Amino acid sequence: MEPIHVILIVLAAVVGGLGGFFGGVIYRKRVGEREIGSAEQEATRLINEAIRSGESRKKELLLEAKDEIHKSRTEHERDVKERRAELSKQERRLQQKEETLDKKAEAFERKEEEYARRVAEVAEAKAEAEAVRKQHIATLEKLSGLTQEQAKAYLLETVETEVRHESAMKIKEIEQQLKDEADEKARDILSIAIQRCAADHAAEATVSVVPLPTDEMKGRIIGREGRNIRTLETITGVDLIIDDTPEAITVSSFDPVRREIARLALEKLIVDGRIHPTRIEDMVEKARKEVDRTIREEGERACFETGVHGVNPELIKILGRQKYRTSYGQNVLNHSIEVAHIAGLMAAELGADVALAKRAGLLHDLGKSIDHEVEGSHVQLGADLARKYKENPVVINAIEAHHGDVEPKTVIAVLVQAADAVSAARPGARRENVENYIRRLQKLEELTGSYPGVEKAYAIQAGREVRIMVKPEEVSEDNMILLARDVAKKIEAELEYPGQIKVNVIRETKAVEFAK
């Protein structure tokens with residue numbers, strides 16, 4: 001085929017392709033124009049419908065708004081009418097109140113005028129009364145021969161005498177009533193407490209006797225050149241008395257704990273039979289441990305017996321040492337247990353704290369367990385120990401106050417005072433030195449006989465009662481009551497004594513005449 005033919009064919013193909021392409025484009029353009037026209041018509045239709053529906057909704061909303069405005073206007077007009085009616089009522093009430101106030105003001109003015117008139121009348125009457133009073137005073141002074149000041153002094157003296165008499169009689173009446181009630185109540189409480197608690201009292205001496213199997217044992221205890229007895233006395237701090245008493249050795253010491261350790265060590269040495277310095281040291285150490293164990297057990301027994309719990313272990317040991325302490329011949333541990341029981345029983349009768357009363361009673365004599373190397377009274381030492389081991393403040397106050405060193409702040413402290421006095425005042429509970437006893441009676445007689453008007457004073461009933469004879473011309477019956485109170489207060493302030501002292505003031509009037 002010729003090249004030209006090929007070229008022509010190619011050109012024809014290209015022209016045909018271009019014609020087909022442009023034809024397709026023209027066709028699509030026409031189709032698009034038709035679709036656009038349809039869309040514009042549809043959009044126009046939708047816009048027209050929207051406009052029509054909006055106009056109808058607008059009309060509906062306008063109608064609803066008009067109805068709402070009409071309703072609001074109606075309600076507003078009704079509220080306005082109601083408020084106007086209420087305001088009219090309030091105006092009428094205010095007008096009535098104003099009228100009432102005007103009437104009251106008029107009445108008040110009338111009363112004020114009446115009051116001023118009466119005040120003037122009272123002033124006039126007062127002036128007249130004053131004039132009459134002065135006239136009467138002048139007349140009385142003329143008739144009595146006394147001035148006004150003299151009459152006042154006379155009246156005051158008379159009234160003072162009458163008041164003194166009445167006060168003395170009233171004091172006597174009140175005291176008697178209180179004594180009757182208090183004595184009866186106290187007797188009931190104390191009798192119940194004492195009957196329910198009867199403790200045994202054993203007076204311990206300052207010596208202990210150790211029995212020996214034979215008299216030959218005395219020589220073995222003394223040892224060669226006395227080395228055994230010197231060792232035993234040095235280690236224990238006691239005195240061994242070996243005399244002619246058959247088959248017995250006396251252990252002497254004012255420290256009961258040391259005496260008990262020495263006694264136990266001697267008994268162990270006698271049983272063992274081997275007596276020499278080294279063995280003595282071993283036995284003394286064993287005896288000391290045994291006494292320490294006994295002290296702890298006695299302290300625990302005292303707490304268990306009284307029902308006191310939660311006591312510090314160190315306080316229990318100190319309490320147990322009271323087993324080997326005595327006060328006027330009375331065992332201190334038994335005394336403390338007894339005080340705890342009595343205080344608890346009295347607390348139960350009075351409705352106080354029984355457990356706290358027992359605790360305070362058991363620990364009130366803690367200071368007596370301390371050796372003499374520590375300075376201070378047993379009251380202060382006991383209070384310091386209680387503070388050290390964090391005891392209850394009520395217990396501390398009871399310890400401090402049980403001998404009157406400080407004022408009792410609670411009922412518990414007063415109960416411990418009473419229980420301590422009851423326990424110490426039992427017949428045979430304590431021994432008192434004869435010289436101290438006589439000195440106390442002399443002091444009591446001197447103190448009560450020092451008052452003016454007292455003729456004689458006698459201490460009777462072993463110092464539990466004092467009888468005072470007064471001069472009848474110097475001490476009246478009314479002053480007797482006041483004198484008895486003053487003497488009792490002075491005895492309480494200046495003397496120390498067990499229990500209580502009864503003060504009897506006796507006034508005797510004699511009339512003497514001779515028949516001739």
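Residues numbered from 1 in each chain as written. Predicted model: local features only at pLDDT ≥ 70, side-chain atom pairs only at ≥ 80, totals over all residues. Heavy atoms only, no water.

> Explain the overall build of the protein here, please?
Within the protein one finds 14 helices and 8 strands. Counting the 516 residues in the protein, one finds 29% classified as buried. Taking contacts inside the protein between residues at least 6 apart in sequence as the whole, the part at least 24 apart equals 62%. Looking at the protein as shown, the accessible area adds up to about 35200 Å², and 54% of this sits on carbon and sulfur atoms. (Helix = DSSP H or I, 4+ residues; strand = E, 2+ residues; numbered from the N terminus. Buried < 20%, exposed > 50% of the residue type's maximum accessible area, 1.4 Å probe, protein only. Contact = heavy atoms within 4.5 Å. Areas by Shrake-Rupley, 256 points an atom, 1.4 Å probe, with all protein chains shown as cover.)

> Even after reading the chapter, I still don't get the pairing of strand 7 (residues 465–470), so can you show me in this structure?
Each regular strand displays side chains that alternate between the two surfaces of the sheet. Pairing of strand 6 (residues 454–460) with strand 7, which is carried by 6 bridges, proceeds in the antiparallel orientation. Its bridge partner being in strand 7, Ala459 is matched across the sheet by Val466. Looking at chain direction, strand 7 and strand 8 (residues 502–507) are connected through 6 bridges and run parallel. When the bridges of strand 8 are listed, Glu465 appears paired with Lys502. (Pairing = 2+ DSSP bridges.)

> Which parts of the structure should I look at to understand the sheet that holds strand 7?
Adjacent strands of a sheet form backbone hydrogen bonds with each other and so pair up, either parallel or antiparallel. Taken in spatial order, the 3 strands make up an open sheet running 6-7-8, and their pairing is mixed. In the strand order of this sheet, the two ends are held by strand 6 and strand 8, each with one partner. Between one strand and the next, the sheet's axes are offset by a mean angle of 20°, whatever the strand orientation. Seen against the sheet, helix 14 (residues 477–494) touches strand 6, strand 7 and strand 8 and runs at an angle of roughly 150° to strand 8. (Axes fitted to C-alpha atoms, helices over the stretch in contact; angles between N-to-C directions.)

> Is there a simple way to explain the nonpolar core in this structure?
Soluble globular proteins: nonpolar side chains tend toward being buried together. One finds Leu315, Leu362 and Ile412 to be the most contacted residues of the largest nonpolar core, which totals 38 residues. At the level of secondary structure, the elements contributing two or more residues to this core comprise helix 6 (277–306), helix 7 (313–320), helix 8 (332–350), helix 9 (354–363), helix 10 (378–388), helix 11 (393–401) and helix 12 (411–424). In terms of residues, this core owes the most to one element, helix 8, which gives 8 residues. When neighbours within four sequence positions are excluded, Ile412 is seen to be in contact with Ala352, Asp353, Leu356, Ala357, Ala360 and Val394. Listed in part, the 26 residues of the second largest apolar core include Leu232, Ile249, Ile280 and Val291. (Core = buried A, V, L, I, M, F, W, Y, C linked by side-chain atoms within 4.5 Å.)

> I would appreciate a short explanation of the confidence of the model for the protein in the present structure.
Averaged over all residues, the pLDDT of the protein is 79; the fraction at 70 or higher stands at 86%. Contacts from residues 198–204, a stretch scored under 50 in pLDDT, to residues over four places away or in other chains number 18 contacts. (pLDDT = per-residue confidence, 0-100.)

> Whenever I open this one, the environment of Ile412 confuses me. Can you help?
Relative to the assigned elements, Ile412 resides in helix 12. We classify Ile412 as buried; its relative accessible area is 6%. Sequence separation between Ile412 and Ala347 is 65 residues, and the spatial gap between their C-alpha atoms is 7.5 Å.

> Would you mind going over the packing of helix 9 against helix 11 with me for this structure?
A pair of packed helices can be characterised by two numbers: the angle between their axes and the separation between those axes. Where helix 9 meets helix 11, the axes come as close as 9 Å, and the angle between the chain directions of the two elements is 45°. By the angle between their directions, the pair helix 9 and helix 11 is classed as oblique. Note that helix 9 runs across helix 11; the crossing there is right-handed. For the pair helix 9 and helix 11, the contacting residues are Leu356, Arg359, Ala360 and Leu363 in the first and Val394, Val395, Ala398 and Ile399 in the second. The residue inventory of the contact of helix 9 with helix 11, partitioned by class, reads 7 nonpolar, no polar and 1 charged. (Parallel < 35°, antiparallel > 145°, perpendicular 65-115°, else oblique. Left-handed = near helix turned anticlockwise from the far one by under 90°. Nonpolar A, V, L, I, M, F, W, Y, C, P; charged D, E, K, R; others polar.)

> When you look at the packing of helix 8 against helix 12 in this model, what are you seeing that I'm missing?
For the pair helix 8 and helix 12, interaxial distance at closest approach is 8 Å and the crossing angle is 130°. The angle between the axes of helix 8 and helix 12 places the two elements in the oblique class. At the point where helix 8 passes helix 12, the crossing takes the right-handed sense. Residue-level inspection shows His335, Glu338, Val339, Ile342, Ala343, Met346, Ala347 and Leu350 of helix 8 in contact with helix 12, the latter providing Leu415, Val416, Ala418, Ala419, Asp420, Val422, Ser423 and Ala424. Partitioned by chemical class, the residues of the contact of helix 8 with helix 12 number 12 nonpolar, 2 polar and 2 charged.

> I'm lost on a nonpolar patch on the surface in this one. Help?
A cluster of nonpolar residues, Ile4, Ile7, Leu8 and Leu11, forms a patch on the protein surface that exposes about 380 Å² of accessible area. Topologically, Ile4 is positioned in helix 1 (residues 3–144). Among the residues examined, Ile4 registers a relative accessible area of 48% and is labelled partly exposed. (Patch = residues over 30% accessible without salt bridge, like charges linked within 9 Å, V, L, I, M, F, W, Y side chains within 5 Å. Salt bridge = Lys/Arg side-chain N within 4 Å of Asp/Glu carboxyl O.)

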